[in-house]
Amino acid sequence: MAVGRSVQGGSGFGLPLAKSGRLLQGLAALLLQASPLLPWVQFPLLGMTLIVPGILLHGALVMAAGVFSLGLLAMRVRLPGVQILLALFSAWWINLDARFIAERTPYYLKKLQLSLVGVNDLLTKVGQNPIDVVPSGWQPGDFVALGVWVAAASCALLIVGAVLEARDYRRGMQVGWVLLGWPRCAACSARVYHGMSYCPSCRHGLLDGAPCERCGAWVQRGWKWCAQCGADARV
Ligand SMILES: [Zn+2]
Ligand SMILES: [Zn+2]
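Residue numbers here run from 1 along each chain, matching the order of that chain's written sequence. Each chain takes a letter, starting from A, and each ligand takes a number, starting from 1, following the order in which they are written. Per-residue local features are limited, in this predicted model, to residues with pLDDT of at least 70; the limit for side-chain atom pairs, both in listing and counting, is 80 or more; totals at the level of whole chains, interfaces and linings are taken over all residues.

A. Layout of the overall build of the protein. In terms of helices and strands, the protein carries six helices and four strands. For the protein, the α and β elements follow one another from N to C terminus as α-β-β-α-α-α-α-α-β-β. Relative to its length of 235 residues, the protein is extended, with a C-alpha radius of gyration of 27 Å against a globular reference of 18 Å. When the backbone C-alpha atoms are referred to their principal axes, the protein occupies close to 100 × 30 × 25 Å. Residues classed as buried in the protein amount to 31% of the 235 residues present. Whether two residues are in contact is decided by their C-beta atoms, placed from the backbone, lying within 7 Å. Put simply, of all contacts in the protein between residues at least 6 apart along the chain, 58% involve residues at least 24 apart. Helix and strand labels come from DSSP, where a helix needs a run of H or I of at least four residues and a strand needs a run of E of at least two; each type is numbered from the N terminus. Only C-alpha atoms enter the radius of gyration, while the globule expectation follows 2.2 Å times N to the 0.38, with N the number of residues. Burial is judged by counting other C-beta atoms within 10 Å of a residue's own C-beta: 20 or more means buried, 12 or fewer means exposed, and anything between counts as partly exposed, with every C-beta placed from the backbone.

Have a look at this one:
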């Protein structure tokens, strides 16, 4: 039996979970890039709803994280650990911004209201209604708009995608090294590469599946036929 001859071609990308994981990460990276263009702050002012997109606050950094994440995916760099770090960094940054918005927006509106005291006195004297810029009944969290939530959801999605990808590669490899983009065999710690079916040092199976009954080539989970010799793999 020609064990060791492996079916390449499909490589690591052929793994269904890894593929969906990478698709999820791509979607998350796109959403992360788009979120700073959405409103991050909203409040009613003089009869209108004023919205401030995230890009005018600190959203550019989140957008940069999304661009970097998508760049890694587009160049087929398999670094799920870096994707998780990007998501955690963005989530931390978004949380800072959300707190900043919730605390500072009502503060500045009240400051603006105070600066209008003179004008309002004058308006009251001439029988007009005073200008009120502080929205009544608004909680601090109400000033945080949709974009922040989209960005936060993107971070969660990016982590889920990266974990799914790492989980699938992990089957025969050490998960920590997979996250760092330096996969090692789970059995003997030898350096291995994505797309290898067996560990070259100890013959440990690296992909999910089983050797073909007839020719020994690796048959990945979900395949109907052996890609090497055409034997029936549906057993
Ligand atoms: Zn090994
Ligand atoms: Zn075969």
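Structure shown, so let's carry the discussion forward.
B. How the structure looks around helix H2 (residues 59-74). Multiplying 1.5 Å by the residue count of a helix minus one yields the expected span of that helix. Over its 16 residues, H2 runs 22 Å from end to end, which matches the ideal 22 Å to within 8%, given 1.5 Å per residue. For H2, every residue scored as buried is listed here: Gly-59, Val-62, Ala-65, Gly-66, Ser-69 and Leu-73. Angularly, the buried residues of H2 cover 115 degrees about the axis, an arc narrow enough to put them on a single face. Of the exposed residues in H2, those oriented more than 90 degrees away from the buried face are Ala-60, Gly-71 and Ala-74. In the core, the buried residues of H2 are packed alongside helix H1 (16-34), strand S1 (39-45), helix H3 (80-115) and helix H5 (146-169). Phi for Arg-76, located one or two positions after H2, is positive at around 55 degrees. Taken from the helix axis, the directions to the C-beta atoms give the arc we talk about.

C. Seen up close, helix H4 (residues 117-125). With zero of nine residues buried, H4 is to be regarded as a mostly surface element. Remark: Gly-127 follows H4 within two positions and exhibits a positive phi of approximately 85 degrees.

D. Structural context of unusual backbone geometry. Positive phi is not limited to glycine here, since Arg-76 has a value of about 55 degrees. As for its position among the elements, Arg-76 is in the loop between H2 and H3.

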